[in-house]
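Results of the structural survey
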Amino acid sequence: MKKSLKVLSGTALASSLLVSSFGGGGKVSAEANVPDDVMSVKDESGDWLRVNDVNNRTNGNKLVLFNDTFSYYTETAKGSTEVVLEKTGINTYRVARETDGDSAIPEEGLVLSTGSSTTAEIKGFLEQLEKGETVTLYEPAEKRTEMQSNSVDPTRESNPAGAPFDGFRGPDQLIVYTSEFGSSTKTNPYGYEITVEDGFVTKLGGGNSAIPENGFVVSGHGVASSWISGNSIIGAKVTVDENGVVEIVQDVESFQFQSRQSITKAESSIEKAKAEYLDVALKEAEAAIKKAKTILAKAEKVNAADPVLALDLTRQATQLAYDAYYYSLPSHAAEQRAIWYRPEETTLAGVNQVLDRMEEAGFNSVYLETTFWGYTIYPSETMTEYGLPAQHPNFRNADYGKYGSDLLQAYIKEGKKRGISVQAWTDGFMIGHSSLGLPSQFQVHPEWAAIQRSNTTGEPKPDTSSNYYWLDIAQPEVQTFMLDIYKEMQSKYDIKGLNIDYMRYPHQSFEKSYGFSEKVRELYKAKTGIDPMELSPTATPEEWEKWAGWIQQRENDFVDGLHTQSKKLNSKFMLTATPEPGPEAVLISDWQEDIDGVIPQAYGHDFNSIQSTVQASKKLMPEGTMYYTGIYSFYHHLSEMASVEDVMSAKYGTAGVNMFAFGQASAPSVDALGKGPWREKAVNPGEEPIEAVYAVLKDMQQEINHLYIPKGALARKEGNDIRKALQDIQKSVRKNPDNAAEAFQKAETKIQDSIKSGKLASTVGERMKSQLADTKQWVNYFLDRQN
């Protein structure tokens, strides 16, 4: 039988492109007509070339088109041939410049890219384009693509390759789930799913998606995941035939469905903000939604006569609907809004451009990678004292104006001007990759190398699983070296904390396990009389467990020493850890006395999967630990709307969000965050907990005065009483935070009494109670750090 199923994926509509099945790239003479069933570009002479792919860094032997939904840069390899195009009109662009890879993508512009290995036709077409020349983009009116599914409503028996996995979805498989399977797909977050209702895609991304009665879910992993995400938008049409072939179709109707749904979503969010008395940019939201409706109506009128104009107008309407939604979201007064970033800039202008973009998004903290590949990004006297290179070679000859070659100082000083603090993110004991050659540490101190059990030579070698080189964390001399680096960093620079990464040996199978350097074996033999090389989990299980525990304790000893050192220098200095799901996440409880904050890495892209990761981690740490959520929206090149939704899901129940990573950020996503949840400035509670308390209490009082009382959510007398109670908390915290508990209790009681009496809307009262709970936790966090 035939199941009526329909799907597509999610790049931001403002710049998304309809792409039909791609053929080989080849320049065609002006005499030939540009076909209407493929995406192509045409120069002023009339020569045109077929586009083979969109937003794909793998650009060998094909023409790839990049738009600003991908990132600020193409991220392609050097040696590529790329032409940067700036937008001048509907599907028309001006040639700005030619580069050799990793080109900056203009906002609303494009980059045409091909690899160093390519055809003469593609390379020739790109090289003959002249600066200032007009290039026209031709988009097919319809994109149609299909893929054979591995199973519809799989079982262990019908899909044995997927039997061991969640939802019976195996590696690289494409699976279709109908309501006959159950209420949800039961899949893990390591894939991509689209929900189809009444023939149209209504939801993008996530795992364990709910299966609608009036549709189905298409789910993919690996190759199939990429196919779904690369061919889907909200509004795409999806069918599944009797043989399980999934077909995805995008056309103007699809985009207009998406636009209408975006308008409906924004209107619902605006009404929710009004009903719940949320402090949002209501005026801007309503203006944007009104304009979106007007433009969409124009688009629908010209569908038949001018589909190109209709598509352009539809995209404008959708973007306005997106903006209306962003404006309808509340922006909190205190939360961490952090971004991980490996710097690349060699000029002060480059540093300022990155920081300007971070400020536009609303970030208040950058977790700057200060050590990677075994080098520091700043000139290090400590490295010199150990006979090692003073600075990463990428920055040694850089010029940051008054900061010289000191990249770290440039980020700290220039970031402070924008309200952006710097936390040092470190690669810890992982100091290089095999592709970069032997790390400098091992050239000078080969005995410092961590050795796998299978490495019988005792010489420094990369990890057989990841090709990384590791310092031997269990060696006292190595620990002293690392502590010296972190001491210098904290003493010399105004960094707010240290985000520790790679602070354990890699978790490996028996033969690949670490800790078998000559020095570590000697230390263990001196303590126990046993050479760990003689142990195994099968032949000597009890002794092996003792050995594994001893190794784990050496790792913990280092973190404990780092905690003691950092707090001695500054009690407010933050130590945070970022455990990956798996064995490392479980071991986070070993450090509960040593770290101030935990940032669990949530790889999923829906509320349930993100929150399940966070809640599982919280069970391992004591109450009062500062929690942020680590999300991968930028790294996975999600759309602007998906990035905002990730942030909204991740901030729930925590003190903020860390996004990975700014190297993959895009202009639309930065704009969306700055209009939406990060519209207003926010104090960082992990770095400045008491200032964060004041900011929230002040914001609550302003909402009482300018929103709750005027809109009838709170009676004036009760509002005055609650405002007075909030002021009493401020005074109490300022005078002596140890004695603030009574003031908090009085304010909570007044709020609860006002709810019971009907003088305070319950939705507002519960929000105020939640805000007080946060501020109380931050006061306790502050007090704990003083002890």
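Residues numbered from 1 in each chain as written. Predicted model: local features only at pLDDT ≥ 70, side-chain atom pairs only at ≥ 80, totals over all residues. Heavy atoms only, no water.

1. A word on the overall build of the chain
Defined as follows: Helix and strand assignments follow DSSP, with helices taken as H or I runs no shorter than four residues and strands as E runs no shorter than two, numbered in order from the N terminus. What the globule rule says is 2.2 Å times the number of residues to the power 0.38, and the radius of gyration is computed from C-alpha atoms. With a 1.4 Å probe rolled over the protein chains alone, any residue whose accessible area is under 20% of its type maximum counts as buried; one over 50% counts as exposed, and the rest are partly exposed. The criterion used for residue contact is that any of the two residues' heavy atoms lie within 4.5 Å.
Helices and strands together make up the secondary structure of the chain, namely 20 helices and 30 strands. For a compact globule of 787 residues, the expected C-alpha radius of gyration is about 28 Å, and the chain comes in at 28 Å, within 12% of that figure. Overall, the C-alpha framework of the chain stretches about 80 × 75 × 65 Å when taken along its three principal axes. By residue count, 57% of the 787 residues in the chain fall in the buried class. Across the chain, every contact between residues at least 6 apart in sequence was considered, and the portion connecting residues at least 24 apart equals 70%.

2. Focus: the UniProt feature "domain: Glycosyl hydrolase-like" (unreviewed entry) in the chain
This is how it is decided: UniProt positions are given in the numbering used here, feature names are shortened, and annotations may be inferred rather than shown by experiment.
Taking the numbering used here, the UniProt-annotated feature "domain: Glycosyl hydrolase-like" (unreviewed entry) corresponds to residues 353-631. For the annotated span residues 353-631, helix accounts for 37% and strand for 14% of the residues, and the straight-line distance between the end C-alpha atoms is 23 Å.

3. Concerning the side chain of Thr145
For clarity, the cut-off: For the purposes of these results, a polar contact is taken to be a pair of N or O atoms within 3.5 Å, where, inside protein, one atom must be able to donate a hydrogen and its partner to accept one; residues adjacent in sequence count only when each atom of the pair is a side-chain atom.
The topology assignment puts Thr145 in strand E10 (residues 142-148). A distance of 3.4 Å separates a polar atom in the side chain of Thr145 from a polar atom in the side chain of Trp227. The residues touching Thr145, leaving out its near neighbours within four places in the chain, are Trp227, Asn231, Val246, Glu247 and Ile248.

4. Points about the layout of surface pockets
Put simply, the test is: Here a cavity is any set of points on a 1 Å grid over the protein atoms alone where a 1.4 Å probe fits but cannot get out, and a pocket is any open set with protein on both sides within 12 Å along at least 5 of 7 lines; a residue lines the site when it has an atom within 4 Å of a point. Grid points are joined across faces, edges and corners, and a volume is the space filled by probe spheres set on the points. Nonpolar residues are Ala, Val, Leu, Ile, Met, Phe, Trp, Tyr, Cys and Pro. Charged residues are Asp, Glu, Lys and Arg, and all others, Gly as well, are polar.
Looking at the second largest pocket, its volume works out to about 1,600 Å³. Along the wall of the second largest pocket there are 48 residues; nearest its centre are His332, Lys651, Arg767, Ser770 and Asp774. The set of elements that each furnish at least two residues to the lining of the second largest pocket consists of helix H3 (252-275), helix H14 (607-618), strand E28 (626-627), helix H15 (640-651), helix H17 (689-708) and helix H20 (762-786). Sorting elements by how many residues they give to the lining of the second largest pocket places H20 first, with eight residues. The residue makeup of the lining of the second largest pocket, split by class, is 21 nonpolar, twelve polar and 15 charged.

5. Digging into empty space enclosed by the protein
Scanning the entire structure with this criterion turns up three cavities of 30 Å³ or more. Of the pockets and cavities examined, the largest cavity occupies roughly 130 Å³. What lines the largest cavity is a set of 17 residues, and nearest its centre among them are Thr371, Gly374, Gly428, Gln441 and Met482. Those elements giving two or more residues to the lining of the largest cavity turn out to be strand E19 (365-372), strand E20 (375-376), strand E22 (430-433) and helix H10 (476-492). Looking at the lining of the largest cavity residue by residue, the class counts come to ten nonpolar, six polar and one charged.

6. Regarding the nonpolar core
This is how it is decided: Note on terminology: a nonpolar core comprises buried Ala, Val, Leu, Ile, Met, Phe, Trp, Tyr and Cys residues joined through side-chain atoms within 4.5 Å. Start and end points for every domain follow an automatic or database-based domain assignment.
If you look at the biggest cluster of nonpolar residues, it comprises 113 residues, and the most contacted ones within it are Met358, Leu408, Ile595, Met659 and Phe662. Ranked by the residues each element gives to this core, the list is headed by helix H5 (residues 307-327), at nine residues. The two domains that each donate at least three residues to this core are domain 3 (255-328) and domain 4 (336-433 + 473-510 + 553-675). Those residues in contact with Met659, other than ones at most four positions away along the chain, are Ala338, Ile339, Trp340, Phe363, Ile631, Ser633, Phe634, Val647, Leu673 and Trp678. Core analysis: the second largest hydrophobic core is formed by 46 residues, Val696, Leu714, Ala725 and Phe744 among them.

7. Some thoughts on the domain arrangement of the chain
Note the threshold: In short, buried area is how much 1.4 Å probe accessible area vanishes from two parts on joining, totalled over both. Each reported salt bridge corresponds to a side-chain nitrogen of Lys or Arg within 4 Å of a carboxyl oxygen of Asp or Glu.
Each domain of the chain was delimited in the assignment, giving domain 1 (40-140), domain 2 (144-243), domain 3 (255-328), domain 4 (336-433 + 473-510 + 553-675) and domain 5 (689-786). Taking the mean C-alpha position of each, domain 4 and domain 5 sit 32 Å from one another. The interface of domain 4 with domain 5 comprises ten residues on the first partner and five residues on the second. Across the domain 4 to domain 5 interface the summed buried area is about 660 Å²; carbon plus sulfur atoms make up 49%. Taken together, domain 4 and domain 5 are joined by one salt bridge. Of the charged contacts in the structure, one is a salt bridge between Arg785 and Asp596, with a shortest N-O distance of 4.0 Å. Here the residues of the side of domain 4 that touches domain 5 sort into four nonpolar, three polar and three charged.

8. Thoughts on the packing of aromatic side chains
Put simply, the rule reads: Two rings from Phe, Tyr or Trp (for Trp, the six-membered ring) form a pair when their centres are within 6.5 Å of each other. A pair whose planes differ by under 30 degrees is stacked, one over 60 is edge-to-face, and the rest are tilted. Only when the NZ of Lys or the CZ of Arg is both within 6 Å of the ring centre and within 35 degrees of the ring normal is a charge said to sit over the ring.
Enumeration over the complete set of coordinates arrives at 36 aromatic pairs. With centroids separated by 5.0 Å and ring planes inclined at 75°, the aromatic side chains of Tyr524 and Trp547 adopt a geometry described as edge-to-face. Here Tyr524 is found in helix H11 (residues 518-528), whereas its partner Trp547 is found in helix H12 (residues 541-569), with 23 residues between them in sequence. Look at Trp547 and you get buried, because its relative accessible area is 2%. Through a chain of ring-to-ring contacts, the aromatic side chains of Tyr190, Trp340, Tyr367, Trp425, Tyr603, Tyr632, Tyr635 and Phe660 assemble into a single cluster. Here the guanidinium or amino end of Arg342 rests over the ring plane of Phe372, the centre of that ring lying 4.3 Å away.

9. Description of the environment of Gly597
Note on placement: Gly597 falls in strand E26 (residues 597-598). Linking Gly597 and Gly624, residues 27 residues apart in sequence, is a C-alpha distance of 9.3 Å. Among residues more than four places away in sequence, those in contact with Gly597 are Leu575, Thr576, Ala577, Thr625 and Met626.

10. Regarding the confidence of the model for the chain
Rules: Values of pLDDT, which run from 0 to 100, indicate the predictor's confidence residue by residue.
Overall, the predicted model of the chain reaches an average pLDDT of 93, with 96% of residues at or above 70. Taken as a whole, residues 1-31 scores under 50 in pLDDT and shows 146 contacts with residues more than four places along the chain or in a different chain.

11. Quick word on helix H4 (residues 282-301)
Our working rule: In a helix, the anticipated span is given by 1.5 Å times the number of residues less one.
Counted at 1.5 Å a residue, the expected span for H4 with its 20 residues is 28 Å, and the 29 Å between its end C-alpha atoms agrees. Turning to H4, the residues buried within the fold contact H3 and H5.

12. Some words on the pattern of salt bridges
In this structure the tally under the stated criterion is 44 salt bridges. A salt bridge links Glu271 to Lys274; the shortest N-O distance between them is 3.7 Å. A residue pair is termed a helical-turn pair when its members lie 3 or 4 positions apart in one helix, as Glu271 and Lys274 do in helix H3 at three residues. Across the pair Asp721 and Lys717 runs a salt bridge whose closest N-O atoms are separated by 3.2 Å. Taken together, the residues Asp721 and Lys717, both in helix H18 (residues 716-735) and four residues apart, mark about one turn of the helix. By sharing partners, the salt bridges in this structure join Asp356, Glu414, Lys417 and Arg418 into a single network.

13. Quick notes on the packing of helix H6 (residues 348-361) against helix H8 (residues 407-417)
Each pair of packed helices gets described by two things: the angle between the helix axes and the distance between those axes. Counted only if it meets this: Every angle, taken between N-to-C directions, lies between 0 and 180 degrees, and every axis is a line fitted to C-alpha atoms, over only the stretch in contact when it is a helix. Oblique is the label for every angle not falling under 35 degrees (roughly parallel), over 145 degrees (roughly antiparallel), or within 65 to 115 degrees (roughly perpendicular). The crossing is said to be left-handed when, going from far helix to near helix, the turn is anticlockwise and less than a right angle, and right-handed when the turn is clockwise.
In contact at an axis separation of 10 Å, H6 and H8 are set at 45° when each is read in the N-to-C sense. When the interaxial angle is binned, H6 and H8 end up oblique. The handedness of the crossing between H6 and H8 comes out as right-handed. From H6, Leu348, Val351, Asn352, Val354 and Leu355 reach across to H8, where they touch Leu407, Ala410, Tyr411, Glu414 and Gly415. Of the residues that constitute the contact of H6 with H8, the class distribution is seven nonpolar, two polar and one charged.

14. Regarding the packing of H3 against H5
Running from N to C, H3 and H5 cross one another at 20°; their axes reach a closest spacing of 8 Å. Here H3 is positioned roughly parallel relative to H5, judged by the angle of their axes. Handedness of the crossing formed by H3 with H5: left-handed. Of the residues in H5, those in contact with Val252, Phe255, Gln256, Gln258, Ser259, Ser262, Ile263, Lys265, Ala266 and Ser269 of H3 are Pro307, Ala310, Leu311, Thr314, Ala317, Thr318, Ala321, Tyr322, Ala324 and Tyr325. In the contact of H3 with H5, the residues fall into twelve nonpolar, seven polar and one charged.

15. A few points about the pairing of E19
It is a general feature of regular strands that their side chains alternate between the two faces of the sheet. Formally: Strands were regarded as paired on the criterion that DSSP finds at least two bridges between them.
A large share of E19 lies buried, amounting to eight of its eight residues. With six bridges connecting them, E19 and strand E21 (residues 421-426) associate as parallel partners. Within E21, the position partnered with Val366 by the bridge is Val422. Across two bridges, the pairing between E19 and E20 is antiparallel. Across the sheet, Phe372 pairs through a bridge with Tyr375, a residue of E20. Counted between consecutive antiparallel strands, the loop separating E19 from E20 contains two residues, among which Trp373 sits at a positive phi close to 55°.

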